[in-house]
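Descriptive structure summary
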Amino acid sequence: KQEVTQIPAALSVPEGENLVLNCSFTDSAIYNLQWFRQDPGKGLTSLLLIQSSQREQTSGRLNASLDKSSGRSTLYIAASQPGDSATYLCAVRSTPGNTGKLIFGQGTTLQVKP
Amino acid sequence: DAGITQSPRHKVTETGTPVTLRCHQTENHRYMYWYRQDPGHGLRLIHYSYGVKDTDKGEVSDGYSVSRSKTEDFLLTLESATSSQTSVYFCAIRKAGGDTDTQYFGPGTRLTVL
């Protein structure tokens, strides 16, 4: 059974700092991995999607990497801003079938202090 | 936001009462999902649908049923609510095409069972 873990559960950094959020998964046979952002009281917004054949994806100040063999993904946020404060979740899709089911980590709550 | 709405947004009910949550989409996507989000657990899949009248169980389906009589509506029913079903419930649709295959989430329904 696939399990997804995110450590730490919470992180607080000063504005401007570069930071890395971690995601690990137990079964390396994944189809893709996604990073989502969730603001308090809101739904989830997809940030980056990495296919199993890819090593990384970039969007603006965000860079997500994938190492299937070690069961790890990282989300790198450059020059953090207070507006980056949110909960970040990673999710794994384990099967290539058409169900599209995702398995989520518990999330890392990020606070960027001005 | 992929035109997803959830109703009600907040509900307080008593143990043993039936509860139905509604998810509505405006874009006629085939796949729809119901998740629950609890502290320390991330999002967990309850049920999903791959077409009108086509549904299947997720990892935490006990105590829940779903129905999809129209493409645009996916209903989640708690036949007899229990305190353990106090949670935030999210609906999602799946968009797939080209290089992307991701889920878009509704704003959530906060359910409290007393």
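Placed above this text is the structure.
In what follows, the accompanying structure is described. Keep in mind it's a predicted model, so treat the numbers as computed, not measured. (Residues numbered from 1 in each chain as written. Chains lettered and ligands numbered in written order. Predicted model: local features only at pLDDT ≥ 70, side-chain atom pairs only at ≥ 80, totals over all residues. Heavy atoms only, no water.)

A few points about the side chain of H29 of chain B
Stated precisely, the cut-off is as follows: In this text, helices come from DSSP runs of H or I with a minimum length of four residues, and strands from runs of E with a minimum of two, each type numbered from the N-terminal end. The definition of a polar contact used here is a pair of N or O atoms within 3.5 Å, where within protein one atom must be able to donate a hydrogen and the other to accept one, and adjacent residues in sequence count solely through side-chain atom pairs.
Structurally, H29 of chain B is set in the loop between β3 (19–25) and β4 (32–38). Here E27 of chain B takes part through its side chain, which lies 2.8 Å from a polar atom of the side chain of H29 of chain B.

Topic: the state of the cysteines
Residue and element names in this part refer to chain A. Put simply, the test is: Whenever a pair of cysteine sulfur atoms sits within 2.5 Å, that pair is classed as a disulfide. For each residue, the accessible area found with a 1.4 Å probe, counting protein chains only, is set against the maximum for its type, and the residue is called buried under 20%, exposed over 50%, and partly exposed in between.
One pass over the structure, following the stated rule, counts two disulfides over all chains. Two residues share a disulfide in this structure: C23 and C90, whose sulfurs sit 2.0 Å from each other. With the S-S dihedral at roughly 75 degrees, the linkage between C23 and C90 falls on the right-handed side. Residue C23 is found in strand β3 (residues 19–25), and its partner C90 is found in strand β9 (residues 86–93); the two are separated by 67 residues along the sequence. Each member of the pair C23 and C90 is classed as buried.

Section: the interface of chain A and chain B
Size of an interface: often given as the accessible area lost when the parts come together. Just so we agree on the cut-off: Throughout, a contact is declared for two residues whenever any of their heavy atoms are within 4.5 Å. Throughout, the accessible surface (probe 1.4 Å) given up by two parts as they are put together, summed over both, is called the buried area. Definition used for salt bridges: Asp or Glu carboxyl oxygen within 4 Å of a side-chain nitrogen of Lys or Arg. Only Asp, Glu, Lys and Arg are considered charged in this grouping, and only Ala, Val, Leu, Ile, Met, Phe, Trp, Tyr, Cys and Pro are considered nonpolar; every other residue, Gly among them, is considered polar.
Listed as interface residues are 23 residues of chain A and, on the opposing side, 22 residues of chain B. Interface area for chain A against chain B, summed over the two sides, is near 1600 Å², with a carbon-plus-sulfur share of 48%. A per-residue breakdown of the area chain A buries against chain B is headed by L44, K101 and F104 of chain A, which together make up 26% of the total. The tally of links between chain A and chain B comes to one salt bridge. Note that R93 of chain A is salt-bridged to D101 of chain B, the shortest N-O span being 2.4 Å. At the boundary of chain A with chain B, the tally comes to five residue pairs in polar contact (both at pLDDT 80 or more). For the side of chain A that touches chain B, the class distribution of residues is six nonpolar, 13 polar and four charged.

Quick word on the sheet that holds strand β8 (residues 73–78) of chain B
All names here are of chain B. Where we set the bar: Strands qualify as paired when DSSP identifies two bridges or more between them. Orientation is described by axes fitted as lines to C-alpha atoms, over the contacting stretch for helices, and by angles from 0 to 180 degrees between their N-to-C directions.
A sheet is described by the order of its strands in space; here four strands give the open sequence β1-β3-β8-β7, paired in antiparallel fashion. Only two strands of the sheet have a single neighbouring strand rather than two, namely β1 (4–7) and β7 (64–70). Averaged over all neighbouring strand pairs, the angle between strand axes comes to 20 degrees, with direction disregarded. In this sheet, β8 lies alongside β3 in antiparallel orientation, the contact comprising six bridges. Directly across from V19, in β8, lies its bridge partner L78.

Things to note about the sheet that holds strand β8 (residues 72–77) of chain A
Residue and element names in this part refer to chain A. On the basis of which strands lie adjacent, the open sheet formed by five strands has the order β1-β3-β8-β7-β6 and antiparallel pairing. The strands lining the two open edges of the sheet, one partner per strand, are β1 (4–5) and β6 (56–59). Pairing geometry for strand β7 (residues 62–67) and β8, over six bridges, is antiparallel. When the bridges of β8 are listed, L66 appears paired with S73.

A look at the pattern of salt bridges
When the charged atoms of two side chains lie near each other, side chains of opposite charge can form a pair. A full pass over the atoms with the stated rule returns nine salt bridges over all chains. Put simply, E27 of chain B and K95 of chain B hold a salt bridge, and the shortest N to O gap is 3.3 Å. Separated by 68 residues along the polypeptide, E27 of chain B in the loop between β3 and β4 and K95 of chain B in strand β9 (residues 87–97) bring together distant segments of the chain. Overall, K95 of chain B belongs to the partly exposed group, its relative accessible area being 25%. Of the charged contacts, one joins R94 of chain B and D101 of chain B as a salt bridge, the two residues approaching to 2.7 Å between their closest N and O atoms. Residue classification places R94 of chain B among the buried residues on the basis of a relative accessible area of 8%. Since its relative accessible area comes to 12%, D101 of chain B is described here as buried. When salt bridges that share partners are traced, they join R93 of chain A together with R94 and D101 of chain B into one network.

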